[in-house]
Amino acid sequence: MKRIKISELLETKGQNQEVKAMGWVRTKRGSKNVAFLALNDGSSIKNIQVVIDFDKISIDLLENVHSGASVAVVGKLVPSQGKGQSVEIEADTLELLGKADPDSFPIQPKKHSLEFLRENAHLRFRTNLFGAITRIRHAMIFGVHKFFNDKGFYNIHTPIITASDAEGAGEMFRVTTLDLNNLPRNEAKEIDYKQDFFGRSSHLTVSGQLEAELAALAMAEVYTFGPTFRAENSNTVRHLAEFWMIEPEMAFYDIHDDMDLAEEMLQYLVKYALDNCKDDLEFLHERRTKENSQKPQNERDALELIDRLNFVVENKFVRLTYTEAIDILKNSKPNKKKQFQYPVEGWGTDLQSEHERYLVEKHFKKPVILIDYPKDIKAFYMKLNDDDKTVRAMDVLFPQIGEIIGGSQREENLEKLQKRMSEMNIPEDEMWWYMDTRKFGTVPHSGFGLGFERLMLFVTGMSNIRDVIPFPRTPKNAEF
RNA sequence: UCCUCCUUCGCUCAGCGGGUUAGAGCACCUGACUGUUAAUCAGGGGGUCCUUGGUUCGAGUCCAAGAGGGGGAGCCA
């Protein structure tokens, strides 16, 4: 007999038809004549109730059925006599597939701390919370590809191992097959990477952008969606050493087209979650609301989760220049009252996260896109404005997350690019292939990077990035 | 990397200003209960109080170092 997914069973009318369900027991409740199993198979946040009548099934069979055990049930799908569900299965046979010894199985039908579940990341999929996050994560991945496919973008697999360490997006993980106990040296006593696997020094990618640019300057509109690695010693709720990044790159787009695309994409993806993950979002909404009610008034969310998502879908993002932002911040109450840890003094320094949070959460109360940053605090490939002081960079700032997107119009003029590279000590000879696109048929083009897990934080309302990726990689942690 | 807090049965947490046999809820086991909704009620078992060293007549409690973890900051997506 063929198994039917629980999500499908829950949508079906109970008409005494014989069905088979397989899954993991969430809870077991019993009384003298009858027992109830809440069964889950990952297809939905909802469980199906299995009714065990001791006249039909021996009570001994239930001896090893505890939370976490896997079972196969064959029985009749009937309308439920109880209140919490519309249908249930009256079991005719119950087969224990795998027991879960309650003395050692760590996931119990109760609230666990997120820290505890992180240490049990191999089993945390078995909880309502991580089931919901996992389904939403899948939907968002699918939504990303659908968005770009519908717009005629091509997906490009950019390399995960790269030999260019010129980009400066962050510290890199070295990739090598050299014997670390016996490193080959050249005449200058330096490590001789000529003898390494690729014949040169190589690393895990920190961004697919440069390669995506190469593709965009032929295919016009492309995007990458792949793993990205940063060997920075960042210990925060917003950083991972291994994360997934979405990087579109578009020929013939200027910075304004770039911002339009970023805004459209974020709204599309949030709406995609609202439309496709209703049950899971409602669960997360409830959870966050409960959590909120236990916080002091001034730390509570202004909007509840689903309202916050709707708000982003329905409202235009605010756009302003870095210079305008500095003016607002300089004249802001917290700055005058010296409540910022880093006072806003002059033009030219980067904004601290407290400043970004003030703009988004207090001043505008909307997502904000900042443009035209000072050139000295941004990367070499960003297009210089006519003022010679600022570049056509844009950052999208979100409530509670901070920077969710960083992007720019790229410098397409060869001479200007070379000048910036020499100013910033980027070796041109390693980047000959990048320069070639500016030599041959260069065009204005733009792109941005979206940290997928940061989007997941926003959509799920979770507060730690380690909880929105199945197996987080952070400093001192690569378990599982 | 810096600042700060935490580590007590399987889980979540109490534990006073050092002083008898270290507590509770959940889970587990036993029993009760006419179909329960993280069922309920009664009883039971379960602890190298993170590790090492120190102070003390006496340390879960105080001090030091180490390990692991949380939160904040920096770097960024």
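Residues numbered from 1 in each chain as written. Chains lettered and ligands numbered in written order. Predicted model: local features only at pLDDT ≥ 70, side-chain atom pairs only at ≥ 80, totals over all residues. Heavy atoms only, no water.

**Focus on the overall build of chain A**
Okay, so step 1: When you go through chain A residue by residue, the secondary structure sums to 13 helices and 16 strands.
Okay, so step 2: Overall, the C-alpha framework of chain A stretches about 85 × 60 × 45 Å when taken along its three principal axes.
Okay, so step 3: Restricting to contacts in chain A with at least 6 residues of sequence separation, those with at least 24 account for 67%.
Okay, so step 4: The positive charge centre, built from 64 side chains, and the negative charge centre, built from 74, are 5 Å apart in chain A. (Helix = DSSP H or I, 4+ residues; strand = E, 2+ residues; numbered from the N terminus. Contact = heavy atoms within 4.5 Å. Lys, Arg positive; Asp, Glu negative; His and termini not counted. Charge placed at Lys NZ, Arg CZ, Asp CG, Glu CD.)

**So, the protein's contact with RNA strand B**
Okay, so step 1: By nearness alone, 53 residues border RNA strand B, and R29, K110, T236, H239 and R454 come closest of all.
Okay, so step 2: When the atoms of RNA strand B within 4 Å of the protein are grouped by moiety, sugar and phosphate amount to 50% of the total.
Okay, so step 3: Measuring from a phosphate oxygen of RNA strand B, one finds a side-chain N or O atom of S31 at 2.5 Å.
Okay, so step 4: One nitrogen or oxygen atom from the side chain of Q85 is found 3.2 Å from a base oxygen belonging to RNA strand B.
Okay, so step 5: The set of elements that each furnish at least two residues to the surface near RNA strand B consists of β1 (17-30), β2 (34-40), α2 (114-119), β11 (242-251), α10 (353-363), β15 (402-409) and β16 (445-451).
Okay, so step 6: Each residue belonging to the surface near RNA strand B can be placed in one class, and the counts come to 12 nonpolar, 24 polar and 17 charged. (Near = heavy atom within 4 Å. Polar contact = N/O pair within 3.5 Å; in protein donor to acceptor, adjacent residues only side chain to side chain. Nonpolar A, V, L, I, M, F, W, Y, C, P; charged D, E, K, R; others polar.)

**Let's talk about the packing of helix α5 (residues 255-276) against helix α13 (residues 452-460)**
Okay, so step 1: Remark: α5 packs on α13, axes separated minimally by 11 Å, with the N-to-C direction vectors making an angle of 50°. On the basis of the axis angle, α5 is oblique to α13. α5 and α13 meet at a crossing whose hand is right-handed. Contacts between α5 and α13 involve L266, L269, V270 and A273 from the former and L455, F458 and V459 from the latter.
Okay, so step 2: Partitioning the contact of α5 with α13 into residue classes produces 7 nonpolar, no polar and no charged. (Axes fitted to C-alpha atoms, helices over the stretch in contact; angles between N-to-C directions. Parallel < 35°, antiparallel > 145°, perpendicular 65-115°, else oblique. Left-handed = near helix turned anticlockwise from the far one by under 90°.)

**Observations concerning the packing of aromatic side chains**
Okay, so step 1: Enumeration over the complete set of coordinates arrives at 18 aromatic pairs.
Okay, so step 2: Considering the side-chain rings of F147 and Y268, the 5.1 Å spacing of their centres and the 50° angle between planes classify their relative orientation as tilted. One end of the pair, F147, is in helix α3 (residues 128-150); the other, Y268, is in helix α5, and 121 residues separate them in sequence.
Okay, so step 3: Where F148 meets F153, the ring centres are 5.0 Å apart and the plane angle is 50°; that geometry is what we call tilted.
Okay, so step 4: Since its relative accessible area comes to 5%, F153 is described here as buried.
Okay, so step 5: The ring of Y373 carries K378 above its face, with NZ or CZ at 4.3 Å from the centroid.
Okay, so step 6: A cation over a ring is seen here: R438 above Y434, with NZ or CZ 4.2 Å from the ring centre. (Phe/Tyr/Trp six-rings, centres within 6.5 Å; stacked < 30°, edge-to-face > 60°. Buried < 20%, exposed > 50% of the residue type's maximum accessible area, 1.4 Å probe, protein only. Lys NZ or Arg CZ within 6 Å of the ring centre and 35° of its normal.)

**Observations regarding the pairing of β2**
Okay, so step 1: Counting buried positions along β2 gives 5 out of 7 residues, so the element sits mostly inside the fold.
Okay, so step 2: Here β1 runs beside β2; their pairing, made up of 6 bridges, is antiparallel. Residue pairing in the sheet places G30 in a bridge with A35 of β2.
Okay, so step 3: Here β1 hands over to β2 after 3 residues, the two strands then running antiparallel side by side.
Okay, so step 4: When β2 meets strand β3 (residues 48-53), the two strands line up antiparallel, connected through 6 bridges. Paired with L37 across the two strands is V50, which belongs to β3. (Pairing = 2+ DSSP bridges.)

**Some points on the pattern of salt bridges**
Okay, so step 1: Counted by the stated rule, this structure contains 26 salt bridges.
Okay, so step 2: Of the charged contacts in the structure, one is a salt bridge between K278 and E282, with a shortest N-O distance of 3.2 Å. Here E282 and K278 lie together in helix α6 (residues 278-293), a separation of 4 residues that amounts to about one turn.
Okay, so step 3: Classification of K278 by relative accessible area gives exposed; the value is 52%. (Salt bridge = Lys/Arg side-chain N within 4 Å of Asp/Glu carboxyl O.)

**Digging into the sheet that holds β3**
Okay, so step 1: If you walk around this closed barrel you meet the 5 strands as β1-β2-β3-β5-β4, and the pairing is mixed. The mean inter-strand angle of the sheet, taken between neighbouring strand axes irrespective of direction, is 55°.
Okay, so step 2: Both β3 and strand β5 (residues 87-98) contribute to a ladder of 3 bridges, which runs parallel. Note that in β5 the partner of V50 across the bridge is I89.

**Focus on the side chain of T158**
Okay, so step 1: Along the chain, T158 falls in the loop between β6 (154-155) and β7 (161-162).
Okay, so step 2: Residue classification places T158 among the buried residues on the basis of a relative accessible area of 18%.
Okay, so step 3: If we skip the residues at most four places from it in the chain, T158 touches G208, E211, A212 and T224.

**Focus on the sheet that holds β11**
Okay, so step 1: Read across the sheet, 8 strands follow the order β6-β10-β11-β16-β15-β14-β13-β12 without closing on themselves; strand pairing throughout is mixed. Strands at the two margins of the open sheet, each flanked by one partner only, are β6 and β12 (318-321).
Okay, so step 2: Bridging between strand β14 (residues 390-398) and β15 involves 6 bridges; their strand directions are antiparallel. Looking at β15, one finds that D395 is bridged to G406.
Okay, so step 3: Lying on the sheet, α3 is in contact with β6, β10 (221-229) and β11; it crosses β10 at an angle near 150°.

**Side note on the domain arrangement of chain A**
As a measure of interface size, the accessible area lost when the parts come together is often cited.
Okay, so step 1: The domains assigned to chain A are domain 1 (6-106) and domain 2 (128-170 + 206-317 + 366-467).
Okay, so step 2: The distance between the C-alpha centroids of domain 1 and domain 2 comes to 44 Å.
Okay, so step 3: Contacts between domain 1 and domain 2 engage 6 residues on the former and 6 residues on the latter.
Okay, so step 4: Buried area between domain 1 and domain 2, summed over both chains or domains, comes out near 480 Å², and the portion from carbon and sulfur atoms is 46%.
Okay, so step 5: Remark: the boundary between domain 1 and domain 2 carries 1 salt bridge.
Okay, so step 6: A salt bridge links K46 to D279, with the shortest nitrogen-to-oxygen separation between them at 3.6 Å.
Okay, so step 7: When grouped by side-chain class, the residues that make up the side of domain 1 that touches domain 2 number 1 nonpolar, 3 polar and 2 charged. (Domains from an automatic or database assignment. Buried area = accessible area lost by both parts, 1.4 Å probe.)

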